[in-house]
Amino acid sequence: MNPQPISRKDFIRSSSILLASTCIPSTEVTKANEILMENFADKTLTLKNVRLETGFDYDGDEVIHTKTELFTVEIEKGKIKNVLPNQPKAKAIDAKGLLMLPAFRDMHIHLDKTYYGLPWQAHLKKNKSVKDMIAFEQQVIPELLKTSIPRTEKLIGLLQSYGTSYARSHVNIDPTSQLDSLKHLQTALENKSKSFGAELVAFPQHGLYYTKSADLLKEAAKMDIDFIGGLDPTSIDGGIEKHMDFVIQLALDNGKGIDIHLHESGESGIKTIEYLIDKVNENPVLKGKTYVSHAFALRYLDKSKTEEIAEKLGAAKVGIASTIPLSGSPMPIPTLYKYGVEVLAGNDCIVDHWNTFGTGSILQKANIAAQIYGYRTEFELSRILKLATGNILPLDDKGKRQWPAAGNQANVVLVDASCSAEAVSRVSPVKSLIHEGNLVF
(Lines give C-alpha, C1' and ligand atoms only; values in the text may rest on other atoms or scores of the structure.)
Protein backbone atom coordinates (compact mmCIF):
# COMPACT_ATOMS: atom_id res chain seq x y z
CA MET A 1 0.00 0.00 0.00
CA ASN A 2 1.16 3.52 -0.74
CA PRO A 3 1.36 5.69 2.39
CA GLN A 4 -1.18 8.51 2.57
CA PRO A 5 0.33 12.00 2.54
CA ILE A 6 0.17 13.91 5.84
CA SER A 7 0.15 17.68 6.15
CA ARG A 8 2.53 19.51 8.47
CA LYS A 9 -0.48 20.50 10.56
CA ASP A 10 -1.58 16.88 10.98
CA PHE A 11 1.99 15.81 11.71
CA ILE A 12 2.47 18.39 14.47
CA ARG A 13 -0.97 17.66 15.90
CA SER A 14 -0.31 13.91 15.91
CA SER A 15 3.08 14.44 17.52
CA SER A 16 1.50 16.58 20.25
CA ILE A 17 -1.08 13.88 20.87
CA LEU A 18 1.58 11.21 21.31
CA LEU A 19 3.65 13.38 23.64
CA ALA A 20 0.63 14.19 25.80
CA SER A 21 -0.71 10.61 25.83
CA THR A 22 -4.13 11.95 24.88
CA CYS A 23 -6.60 11.24 22.10
CA ILE A 24 -8.83 13.27 19.82
CA PRO A 25 -11.95 11.47 18.61
CA SER A 26 -12.78 11.35 14.93
CA THR A 27 -15.25 13.76 13.37
CA GLU A 28 -17.78 10.93 13.17
CA VAL A 29 -17.46 10.15 16.88
CA THR A 30 -17.76 13.81 17.83
CA LYS A 31 -20.90 14.16 15.72
CA ALA A 32 -22.40 11.04 17.30
CA ASN A 33 -21.57 12.44 20.74
CA GLU A 34 -23.44 15.64 19.98
CA ILE A 35 -26.50 13.64 18.89
CA LEU A 36 -26.37 11.68 22.15
CA MET A 37 -26.15 14.90 24.13
CA GLU A 38 -29.31 16.23 22.55
CA ASN A 39 -31.19 12.96 23.05
CA PHE A 40 -30.34 12.84 26.76
CA ALA A 41 -31.30 16.44 27.48
CA ASP A 42 -33.56 16.92 30.52
CA LYS A 43 -33.80 13.18 31.21
CA THR A 44 -32.97 11.19 34.34
CA LEU A 45 -29.77 9.15 34.06
CA THR A 46 -28.44 6.34 36.21
CA LEU A 47 -24.82 5.26 35.87
CA LYS A 48 -23.41 2.11 37.44
CA ASN A 49 -19.80 1.03 37.94
CA VAL A 50 -18.74 4.65 38.36
CA ARG A 51 -15.34 4.96 40.05
CA LEU A 52 -15.09 7.72 42.67
CA GLU A 53 -12.27 8.76 44.95
CA THR A 54 -12.94 7.82 48.57
CA GLY A 55 -9.80 8.73 50.52
CA PHE A 56 -6.02 8.57 50.86
CA ASP A 57 -3.72 5.73 51.86
CA TYR A 58 -0.77 6.79 54.02
CA ASP A 59 2.75 5.65 54.80
CA GLY A 60 3.26 7.49 58.03
CA ASP A 61 2.31 11.09 57.22
CA GLU A 62 2.76 10.75 53.46
CA VAL A 63 -0.11 10.16 51.06
CA ILE A 64 0.97 7.26 48.86
CA HIS A 65 -2.24 6.28 47.09
CA THR A 66 -5.74 7.53 46.35
CA LYS A 67 -8.42 4.99 47.23
CA THR A 68 -11.37 4.52 44.90
CA GLU A 69 -14.57 2.47 44.90
CA LEU A 70 -17.39 1.80 42.47
CA PHE A 71 -20.73 3.56 42.91
CA THR A 72 -24.08 4.09 41.25
CA VAL A 73 -24.76 7.74 40.45
CA GLU A 74 -28.19 9.17 39.66
CA ILE A 75 -28.52 12.40 37.68
CA GLU A 76 -31.74 14.36 37.30
CA LYS A 77 -32.32 17.61 35.43
CA GLY A 78 -28.64 18.42 35.20
CA LYS A 79 -27.82 17.77 38.88
CA ILE A 80 -26.47 14.90 40.92
CA LYS A 81 -29.51 13.34 42.61
CA ASN A 82 -27.87 10.50 44.55
CA VAL A 83 -24.53 8.80 45.03
CA LEU A 84 -25.39 5.21 46.00
CA PRO A 85 -23.61 1.93 46.67
CA ASN A 86 -22.83 0.27 43.37
CA GLN A 87 -25.55 -1.84 41.77
CA PRO A 88 -23.68 -3.75 39.03
CA LYS A 89 -26.79 -5.65 37.87
CA ALA A 90 -29.04 -2.59 37.68
CA LYS A 91 -30.49 -1.46 34.37
CA ALA A 92 -28.27 1.58 33.96
CA ILE A 93 -25.54 3.08 31.83
CA ASP A 94 -22.34 1.16 32.49
CA ALA A 95 -19.40 3.47 33.22
CA LYS A 96 -17.14 0.39 33.12
CA GLY A 97 -15.05 1.40 36.10
CA LEU A 98 -13.92 4.73 34.67
CA LEU A 99 -13.07 7.49 37.13
CA MET A 100 -15.57 10.34 37.45
CA LEU A 101 -14.04 13.79 37.89
CA PRO A 102 -15.46 17.31 37.78
CA ALA A 103 -15.69 18.36 34.14
CA PHE A 104 -12.82 20.51 32.96
CA ARG A 105 -13.00 24.28 32.59
CA ASP A 106 -10.86 26.33 30.19
CA MET A 107 -10.79 29.74 31.82
CA HIS A 108 -8.77 31.73 29.30
CA ILE A 109 -9.38 31.09 25.63
CA HIS A 110 -10.31 32.99 22.47
CA LEU A 111 -13.10 31.00 20.88
CA ASP A 112 -13.70 33.73 18.32
CA LYS A 113 -10.16 33.56 16.86
CA THR A 114 -8.76 30.33 15.49
CA TYR A 115 -7.44 28.77 12.29
CA TYR A 116 -8.97 25.49 13.45
CA GLY A 117 -11.02 24.22 10.50
CA LEU A 118 -8.99 26.23 7.97
CA PRO A 119 -5.91 25.29 5.92
CA TRP A 120 -2.71 25.10 7.93
CA GLN A 121 -0.79 28.33 8.52
CA ALA A 122 2.10 28.78 10.94
CA HIS A 123 2.82 31.95 12.88
CA LEU A 124 4.42 34.65 10.72
CA LYS A 125 7.92 35.78 11.71
CA LYS A 126 7.09 39.46 11.08
CA ASN A 127 4.48 39.47 13.86
CA LYS A 128 6.67 40.00 16.93
CA SER A 129 4.92 42.54 19.15
CA VAL A 130 1.32 43.02 20.27
CA LYS A 131 1.13 46.09 18.02
CA ASP A 132 2.36 43.96 15.10
CA MET A 133 -0.45 41.54 15.84
CA ILE A 134 -3.03 44.33 16.00
CA ALA A 135 -2.01 45.47 12.51
CA PHE A 136 -2.16 41.88 11.25
CA GLU A 137 -5.60 41.31 12.77
CA GLN A 138 -6.90 44.38 11.03
CA GLN A 139 -6.02 42.64 7.76
CA VAL A 140 -7.28 39.10 8.48
CA ILE A 141 -10.35 39.57 10.68
CA PRO A 142 -12.76 40.47 7.83
CA GLU A 143 -11.99 37.18 6.10
CA LEU A 144 -12.03 35.14 9.33
CA LEU A 145 -15.44 36.50 10.26
CA LYS A 146 -16.96 34.89 7.16
CA THR A 147 -16.58 31.41 8.69
CA SER A 148 -16.16 32.17 12.39
CA ILE A 149 -19.43 30.57 13.54
CA PRO A 150 -18.83 27.02 12.22
CA ARG A 151 -15.14 27.16 13.15
CA THR A 152 -15.98 28.21 16.69
CA GLU A 153 -18.38 25.28 16.95
CA LYS A 154 -15.64 22.97 15.67
CA LEU A 155 -13.22 24.36 18.26
CA ILE A 156 -15.77 23.82 21.03
CA GLY A 157 -16.07 20.22 19.84
CA LEU A 158 -12.30 19.85 20.23
CA LEU A 159 -12.45 21.15 23.81
CA GLN A 160 -15.32 18.79 24.58
CA SER A 161 -13.31 15.85 23.24
CA TYR A 162 -10.82 16.58 26.04
CA GLY A 163 -13.51 16.75 28.71
CA THR A 164 -14.02 20.52 28.84
CA SER A 165 -17.63 21.58 29.31
CA TYR A 166 -17.14 25.26 30.18
CA ALA A 167 -14.94 28.14 29.12
CA ARG A 168 -14.24 31.78 29.76
CA SER A 169 -13.77 33.24 26.31
CA HIS A 170 -12.33 36.63 25.53
CA VAL A 171 -13.87 38.09 22.37
CA ASN A 172 -12.57 40.92 20.20
CA ILE A 173 -14.28 44.28 20.47
CA ASP A 174 -12.43 46.51 17.99
CA PRO A 175 -13.08 48.88 15.09
CA THR A 176 -12.32 46.18 12.52
CA SER A 177 -14.78 43.53 13.74
CA GLN A 178 -16.87 46.06 15.70
CA LEU A 179 -19.47 43.87 17.49
CA ASP A 180 -19.53 41.09 14.87
CA SER A 181 -17.01 38.83 16.62
CA LEU A 182 -19.19 38.96 19.73
CA LYS A 183 -22.43 38.35 17.81
CA HIS A 184 -20.92 35.42 15.90
CA LEU A 185 -19.54 33.88 19.09
CA GLN A 186 -22.90 34.22 20.82
CA THR A 187 -24.56 32.44 17.89
CA ALA A 188 -22.03 29.58 18.02
CA LEU A 189 -22.50 29.23 21.78
CA GLU A 190 -26.25 29.19 21.42
CA ASN A 191 -25.90 26.39 18.85
CA LYS A 192 -23.82 24.42 21.38
CA SER A 193 -25.73 25.45 24.50
CA LYS A 194 -27.12 21.97 25.23
CA SER A 195 -23.64 20.64 25.88
CA PHE A 196 -21.30 23.59 26.53
CA GLY A 197 -21.38 26.65 28.74
CA ALA A 198 -19.35 29.85 28.63
CA GLU A 199 -18.82 33.25 30.14
CA LEU A 200 -17.63 36.09 27.91
CA VAL A 201 -15.07 38.87 28.28
CA ALA A 202 -15.55 41.92 26.06
CA PHE A 203 -11.91 42.38 25.12
CA PRO A 204 -10.42 45.51 23.46
CA GLN A 205 -7.75 43.51 21.62
CA HIS A 206 -6.65 46.55 19.62
CA GLY A 207 -6.43 48.86 22.61
CA LEU A 208 -9.06 51.14 24.10
CA TYR A 209 -7.63 54.34 22.66
CA TYR A 210 -4.94 53.06 20.29
CA THR A 211 -7.72 52.20 17.83
CA LYS A 212 -10.65 54.04 19.43
CA SER A 213 -12.49 51.04 20.84
CA ALA A 214 -13.95 52.67 23.97
CA ASP A 215 -17.39 53.44 22.52
CA LEU A 216 -17.68 49.93 21.10
CA LEU A 217 -16.82 48.48 24.50
CA LYS A 218 -19.61 50.57 26.02
CA GLU A 219 -22.04 48.99 23.56
CA ALA A 220 -20.73 45.50 24.27
CA ALA A 221 -21.11 46.05 28.01
CA LYS A 222 -24.87 46.30 27.55
CA MET A 223 -24.99 42.99 25.69
CA ASP A 224 -24.90 39.47 27.14
CA ILE A 225 -21.31 39.46 28.42
CA ASP A 226 -19.87 38.83 31.87
CA PHE A 227 -16.54 40.66 32.11
CA ILE A 228 -14.94 43.85 30.84
CA GLY A 229 -11.45 43.29 29.48
CA GLY A 230 -8.38 45.44 29.08
CA LEU A 231 -5.00 45.22 27.34
CA ASP A 232 -1.51 46.32 28.39
CA PRO A 233 -2.46 49.89 29.33
CA THR A 234 1.05 51.33 29.29
CA SER A 235 2.53 49.79 26.14
CA ILE A 236 -0.66 50.00 24.04
CA ASP A 237 -2.58 53.03 25.37
CA GLY A 238 0.29 55.00 26.89
CA GLY A 239 -0.66 54.98 30.55
CA ILE A 240 -2.30 53.06 33.36
CA GLU A 241 -4.86 55.44 34.86
CA LYS A 242 -6.97 56.43 31.85
CA HIS A 243 -7.21 52.88 30.53
CA MET A 244 -7.84 51.17 33.86
CA ASP A 245 -10.26 53.80 35.15
CA PHE A 246 -12.39 53.32 32.04
CA VAL A 247 -12.42 49.51 32.41
CA ILE A 248 -13.21 49.65 36.12
CA GLN A 249 -15.98 52.23 35.80
CA LEU A 250 -17.55 50.41 32.87
CA ALA A 251 -17.63 47.21 34.93
CA LEU A 252 -19.18 49.04 37.88
CA ASP A 253 -21.78 50.82 35.76
CA ASN A 254 -22.93 47.59 34.12
CA GLY A 255 -22.58 45.10 36.96
CA LYS A 256 -19.80 43.14 35.23
CA GLY A 257 -16.56 41.56 36.37
CA ILE A 258 -13.08 42.49 35.12
CA ASP A 259 -10.51 40.32 33.34
CA ILE A 260 -7.59 42.21 31.80
CA HIS A 261 -4.80 40.92 29.55
CA LEU A 262 -1.49 42.00 31.06
CA HIS A 263 1.53 40.83 29.08
CA GLU A 264 3.71 43.70 30.36
CA SER A 265 6.55 42.63 32.58
CA GLY A 266 8.67 44.91 34.73
CA GLU A 267 7.58 48.05 36.53
CA SER A 268 4.57 48.90 34.34
CA GLY A 269 3.11 45.42 34.81
CA ILE A 270 3.47 45.49 38.60
CA LYS A 271 2.11 49.03 38.84
CA THR A 272 -0.95 48.00 36.82
CA ILE A 273 -1.60 45.05 39.14
CA GLU A 274 -1.19 47.23 42.24
CA TYR A 275 -3.43 49.93 40.74
CA LEU A 276 -6.14 47.36 40.05
CA ILE A 277 -5.85 45.94 43.58
CA ASP A 278 -6.29 49.43 45.05
CA LYS A 279 -9.36 50.09 42.91
CA VAL A 280 -10.93 46.76 43.86
CA ASN A 281 -10.38 47.56 47.55
CA GLU A 282 -12.10 50.93 46.95
CA ASN A 283 -15.00 49.11 45.26
CA PRO A 284 -15.55 45.86 47.23
CA VAL A 285 -18.34 44.79 44.85
CA LEU A 286 -15.50 43.83 42.47
CA LYS A 287 -13.90 41.40 44.93
CA GLY A 288 -14.10 37.86 43.60
CA LYS A 289 -15.06 39.22 40.18
CA THR A 290 -11.71 40.65 39.08
CA TYR A 291 -8.88 38.81 37.31
CA VAL A 292 -5.54 39.50 35.70
CA SER A 293 -4.84 37.24 32.74
CA HIS A 294 -1.22 36.30 32.04
CA ALA A 295 0.25 38.69 34.66
CA PHE A 296 3.73 37.96 33.35
CA ALA A 297 5.21 40.66 35.61
CA LEU A 298 4.76 38.28 38.55
CA ARG A 299 7.32 35.91 37.03
CA TYR A 300 10.30 38.25 37.52
CA LEU A 301 9.98 39.46 41.11
CA ASP A 302 12.23 38.57 44.01
CA LYS A 303 10.81 36.33 46.72
CA SER A 304 9.79 39.10 49.13
CA LYS A 305 8.02 41.17 46.46
CA THR A 306 6.25 38.06 45.16
CA GLU A 307 4.96 37.33 48.65
CA GLU A 308 3.88 40.95 49.10
CA ILE A 309 1.90 41.07 45.84
CA ALA A 310 0.40 37.61 46.39
CA GLU A 311 -0.81 38.63 49.84
CA LYS A 312 -2.43 41.78 48.40
CA LEU A 313 -4.09 39.80 45.59
CA GLY A 314 -5.45 37.29 48.08
CA ALA A 315 -6.80 39.94 50.43
CA ALA A 316 -8.51 41.80 47.56
CA LYS A 317 -9.82 38.54 46.06
CA VAL A 318 -8.25 39.36 42.70
CA GLY A 319 -7.61 36.18 40.73
CA ILE A 320 -4.97 35.20 38.18
CA ALA A 321 -5.72 33.40 34.91
CA SER A 322 -2.62 31.72 33.49
CA THR A 323 -1.72 29.70 30.42
CA ILE A 324 1.15 28.06 32.39
CA PRO A 325 3.90 29.38 30.09
CA LEU A 326 6.83 27.06 29.40
CA SER A 327 9.46 29.66 28.53
CA GLY A 328 11.10 32.09 30.92
CA SER A 329 10.70 32.12 34.69
CA PRO A 330 7.67 30.16 35.94
CA MET A 331 4.53 31.82 37.23
CA PRO A 332 4.62 31.84 41.06
CA ILE A 333 1.49 29.71 41.35
CA PRO A 334 2.54 27.93 44.58
CA THR A 335 3.00 31.33 46.26
CA LEU A 336 -0.35 32.54 44.93
CA TYR A 337 -2.00 29.43 46.40
CA LYS A 338 -0.25 30.10 49.72
CA TYR A 339 -2.10 33.43 50.03
CA GLY A 340 -5.45 32.14 48.86
CA VAL A 341 -5.35 33.67 45.38
CA GLU A 342 -7.78 32.06 42.94
CA VAL A 343 -5.72 30.67 40.06
CA LEU A 344 -7.42 29.64 36.82
CA ALA A 345 -5.87 27.98 33.78
CA GLY A 346 -6.57 28.26 30.08
CA ASN A 347 -5.27 27.24 26.68
CA ASP A 348 -5.49 30.80 25.30
CA CYS A 349 -4.79 30.31 21.58
CA ILE A 350 -5.58 27.16 19.60
CA VAL A 351 -3.61 27.14 16.33
CA ASP A 352 -4.38 30.75 15.46
CA HIS A 353 -2.39 33.72 14.16
CA TRP A 354 -0.99 34.35 17.65
CA ASN A 355 0.26 30.85 18.37
CA THR A 356 1.00 27.84 16.17
CA PHE A 357 0.39 25.43 19.03
CA GLY A 358 -2.51 24.47 21.31
CA THR A 359 -4.01 21.02 21.79
CA GLY A 360 -7.26 22.03 23.52
CA SER A 361 -6.53 19.89 26.58
CA ILE A 362 -6.73 21.76 29.88
CA LEU A 363 -5.70 18.59 31.73
CA GLN A 364 -2.43 18.82 29.83
CA LYS A 365 -1.94 22.28 31.39
CA ALA A 366 -2.18 20.69 34.85
CA ASN A 367 0.35 18.09 33.72
CA ILE A 368 2.74 20.82 32.55
CA ALA A 369 2.29 22.76 35.80
CA ALA A 370 3.11 19.64 37.81
CA GLN A 371 6.34 19.25 35.88
CA ILE A 372 7.29 22.94 36.17
CA TYR A 373 6.80 23.00 39.94
CA GLY A 374 8.32 19.59 40.58
CA TYR A 375 5.07 18.02 41.77
CA ARG A 376 5.64 14.26 41.83
CA THR A 377 3.99 12.96 44.97
CA GLU A 378 0.49 11.51 45.09
CA PHE A 379 -0.78 14.39 47.21
CA GLU A 380 0.75 17.13 45.03
CA LEU A 381 -0.59 15.61 41.83
CA SER A 382 -4.05 15.18 43.31
CA ARG A 383 -4.11 18.87 44.30
CA ILE A 384 -2.86 20.34 41.00
CA LEU A 385 -5.83 18.72 39.27
CA LYS A 386 -7.79 21.82 40.33
CA LEU A 387 -6.14 23.78 37.52
CA ALA A 388 -8.17 21.67 35.09
CA THR A 389 -11.42 21.53 37.05
CA GLY A 390 -11.82 25.17 38.03
CA ASN A 391 -10.71 24.54 41.63
CA ILE A 392 -13.11 21.67 42.36
CA LEU A 393 -11.48 18.55 43.84
CA PRO A 394 -13.10 15.21 44.72
CA LEU A 395 -11.21 14.97 48.03
CA ASP A 396 -10.29 17.69 50.50
CA ASP A 397 -6.74 17.98 51.82
CA LYS A 398 -7.52 15.44 54.54
CA GLY A 399 -8.80 12.88 52.04
CA LYS A 400 -12.51 13.31 52.81
CA ARG A 401 -14.79 13.03 49.79
CA GLN A 402 -16.41 16.39 49.05
CA TRP A 403 -17.47 15.77 45.44
CA PRO A 404 -19.76 14.57 43.94
CA ALA A 405 -22.67 15.08 46.31
CA ALA A 406 -26.41 15.43 45.90
CA GLY A 407 -27.23 18.86 44.52
CA ASN A 408 -23.94 19.31 42.63
CA GLN A 409 -24.22 20.29 38.99
CA ALA A 410 -23.76 17.18 36.87
CA ASN A 411 -20.80 18.60 34.96
CA VAL A 412 -18.55 15.56 35.05
CA VAL A 413 -15.98 13.74 32.96
CA LEU A 414 -14.97 10.07 32.97
CA VAL A 415 -11.27 9.34 32.46
CA ASP A 416 -9.19 6.23 32.06
CA ALA A 417 -7.24 6.41 35.30
CA SER A 418 -7.44 4.85 38.75
CA CYS A 419 -7.18 8.18 40.55
CA SER A 420 -6.90 11.90 39.86
CA ALA A 421 -3.18 11.96 40.58
CA GLU A 422 -2.66 9.37 37.85
CA ALA A 423 -4.92 11.32 35.51
CA VAL A 424 -2.72 14.41 35.93
CA SER A 425 0.49 12.40 35.65
CA ARG A 426 -0.57 10.55 32.51
CA VAL A 427 -2.94 13.13 30.98
CA SER A 428 -5.29 10.18 30.58
CA PRO A 429 -7.67 10.11 27.61
CA VAL A 430 -11.24 11.20 28.22
CA LYS A 431 -13.69 8.36 27.59
CA SER A 432 -17.02 10.07 28.07
CA LEU A 433 -18.58 13.31 29.19
CA ILE A 434 -21.76 14.32 30.96
CA HIS A 435 -22.87 17.93 31.01
CA GLU A 436 -26.16 19.14 32.43
CA GLY A 437 -27.65 15.67 32.22
CA ASN A 438 -26.39 15.01 28.70
CA LEU A 439 -24.28 11.92 28.16
CA VAL A 440 -21.53 11.42 25.61
CA PHE A 441 -19.74 8.13 24.96
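Above: the structure in question.
Note that the structure is a prediction, hence the values are computed from the model and not measured.

## Observations concerning the overall build of the protein chain
The helix and strand inventory of the protein chain stands at 15 helices and 16 strands. Counting across all 441 residues of the protein chain, residues that qualify as buried make up 54%. Long-range contacts, defined as pairs at least 24 residues apart, comprise 76% of the intrachain contacts of the protein chain with a sequence gap of at least 6. For the protein chain, the exposed area adds up to about 19,200 Å²; of that, 51% sits on carbon and sulfur atoms.

## Section: the sheet that holds strand β13 (residues 343–345)
Spatially, 8 strands are ordered β6-β7-β8-β9-β10-β11-β12-β13 in an open sheet, and the strand pairing comes out parallel. Where the open sheet ends on each side, the last strands, each with one partner, are β6 (104–109) and β13. Strand-to-strand twist of the sheet, defined as the mean angle between neighbouring strand axes without regard to direction, takes the value 25°. Across 5 bridges, the pairing between strand β9 (residues 227–231) and strand β10 (residues 257–262) is parallel. Note that in β10 the partner of isoleucine 228 across the bridge is isoleucine 258. Sitting on the sheet, helix α8 (residues 240–254) is in contact with β9 and β10, with an inclination near 175° to β9.

## So, the pairing of strand β8 (residues 197–203)
Most of β8 sits inside the fold, with 6 of its 7 residues counted as buried. The pairing of strand β7 (residues 164–172) with β8 spans 7 bridges and is parallel. What sits directly across from valine 171, in β8, is alanine 202. Traced from β7 through helix α5 (residues 180–191) to β8, the parallel crossover comes out right-handed. Bridging between β8 and β9 involves 2 bridges; their strand directions are parallel. Note on β9: the bridge partner recorded for alanine 202 is isoleucine 228. In the classification by handedness, the crossover that spans β8, the intervening helix α6 (residues 214–221) and the parallel β9 is right-handed.

## Section: the packing of aromatic side chains
Aromatic ring pairs are described here by two measures, namely the spacing of the ring centres and the angle between the planes. A complete count under the given rule lists 5 aromatic pairs for this structure. When the centroid spacing of 6.3 Å and the interplanar angle of 75° are considered together, the rings of tyrosine 209 and phenylalanine 246 count as edge-to-face. With tyrosine 209 in the loop between β8 and α6 and phenylalanine 246 in helix α8, the pair connects residues that are 37 residues apart, well separated along the chain. Exposure remark for phenylalanine 246: the relative accessible area of 14% places this residue in the buried category. Aromatic pair tyrosine 373 and tyrosine 375: ring centres 6.0 Å apart, planes at 45°, arrangement tilted. In this structure, tyrosine 373 and tyrosine 375 share a single accessibility class: buried. Each member of the aromatic cluster is reached from another via a ring pair, and the members are Phe56, Tyr58 and Phe379. We note arginine 105 situated over the ring of tyrosine 166; from NZ or CZ to the ring centre the distance is 4.2 Å. Lying across the ring of phenylalanine 227, arginine 168 places its NZ or CZ 4.2 Å from the centre.

## Describing the nonpolar core
One finds Leu111, Ile273, Val292, Leu298, Leu313, Ile320 and Val415 to be the most contacted residues of the largest nonpolar core, which totals 88 residues. Examining the composition of this core, we find that 7 residues originate from one element, α8, more than from any other. In this structure, this core is formed jointly by two domains, domain 1 (45–102 + 393–439) and domain 2 (104–357), each of which donates at least three residues. Excluding residues within four positions of it along the chain, isoleucine 320 makes contact with Tyr291, Val292, Ala295, Leu298, Leu313, Met331, Leu336, Val341, Glu342, Val343 and Leu344. Membership of the second largest hydrophobic core comes to 16 residues, among which are Leu52, Ile75, Ile93 and Trp403.

## Quick notes on α5
Along its 12 residues, α5 runs 17 Å from first to last C-alpha, staying within 8% of the 16 Å computed at 1.5 Å per residue. Listed as buried for α5 are Ser181, Leu182, Leu185, Ala188 and Leu189. All buried residues of α5 lie within an arc of 125° about the axis, which places them on one face of the element. Buried residues belonging to α5 abut α3 (130–145), α4 (148–161), β7, β8 and α6.

## Quick notes on the pattern of salt bridges
Taken as a whole and assessed by the stated rule, the structure comprises 15 salt bridges. Glutamate 76 serves as the salt-bridge partner of lysine 81, at 3.8 Å between the closest nitrogen and oxygen. Residue glutamate 76 is classed as partly exposed on the basis of its relative accessible area, which comes to 33%. Measuring nitrogen to oxygen at the nearest pair gives 3.1 Å for the salt bridge that ties lysine 305 to glutamate 274. Separated by 31 residues along the polypeptide, lysine 305 in helix α10 (residues 303–316) and glutamate 274 in helix α9 (residues 266–282) bring together distant segments of the chain. Look at lysine 305 and you get partly exposed, because its relative accessible area is 22%. A cluster of three or more residues bridged by salt bridges with shared partners is formed by Glu274, Lys305, Glu308 and Lys312.

## Some thoughts on the packing of α4 against α5
Viewed as axis vectors pointing N to C, α4 and α5 meet at an angle of 50°, and their least axial separation amounts to 9 Å. As the angle between them shows, α4 and α5 are arranged oblique. Crossing handedness for the pair α4 and α5: right-handed. Touching Ser148, Ile149, Thr152, Glu153 and Ile156 of α4 are His184, Leu185, Thr187, Ala188, Leu189 and Asn191, all from α5. Taken together, the residues of the contact of α4 with α5 break down into 5 nonpolar, 5 polar and 1 charged.

Parameters at a glance
- Residues numbered from 1 in each chain as written.
- Predicted model: local features only at pLDDT ≥ 70, side-chain atom pairs only at ≥ 80, totals over all residues.
- Heavy atoms only, no water.
- Helix = DSSP H or I, 4+ residues; strand = E, 2+ residues; numbered from the N terminus.
- Buried < 20%, exposed > 50% of the residue type's maximum accessible area, 1.4 Å probe, protein only.
- Contact = heavy atoms within 4.5 Å.
- Areas by Shrake-Rupley, 256 points an atom, 1.4 Å probe, with all protein chains shown as cover.
- Pairing = 2+ DSSP bridges.
- Axes fitted to C-alpha atoms, helices over the stretch in contact; angles between N-to-C directions.
- Right-handed = clockwise from strand over helix to strand, strands pointing away.
- Phe/Tyr/Trp six-rings, centres within 6.5 Å; stacked < 30°, edge-to-face > 60°.
- Lys NZ or Arg CZ within 6 Å of the ring centre and 35° of its normal.
- Core = buried A, V, L, I, M, F, W, Y, C linked by side-chain atoms within 4.5 Å.
- Domains from an automatic or database assignment.
- Expected span 1.5 Å × (residues − 1).
- Arc of directions from axis to C-beta.
- Salt bridge = Lys/Arg side-chain N within 4 Å of Asp/Glu carboxyl O.
- Parallel < 35°, antiparallel > 145°, perpendicular 65-115°, else oblique.
- Left-handed = near helix turned anticlockwise from the far one by under 90°.
- Nonpolar A, V, L, I, M, F, W, Y, C, P; charged D, E, K, R; others polar.

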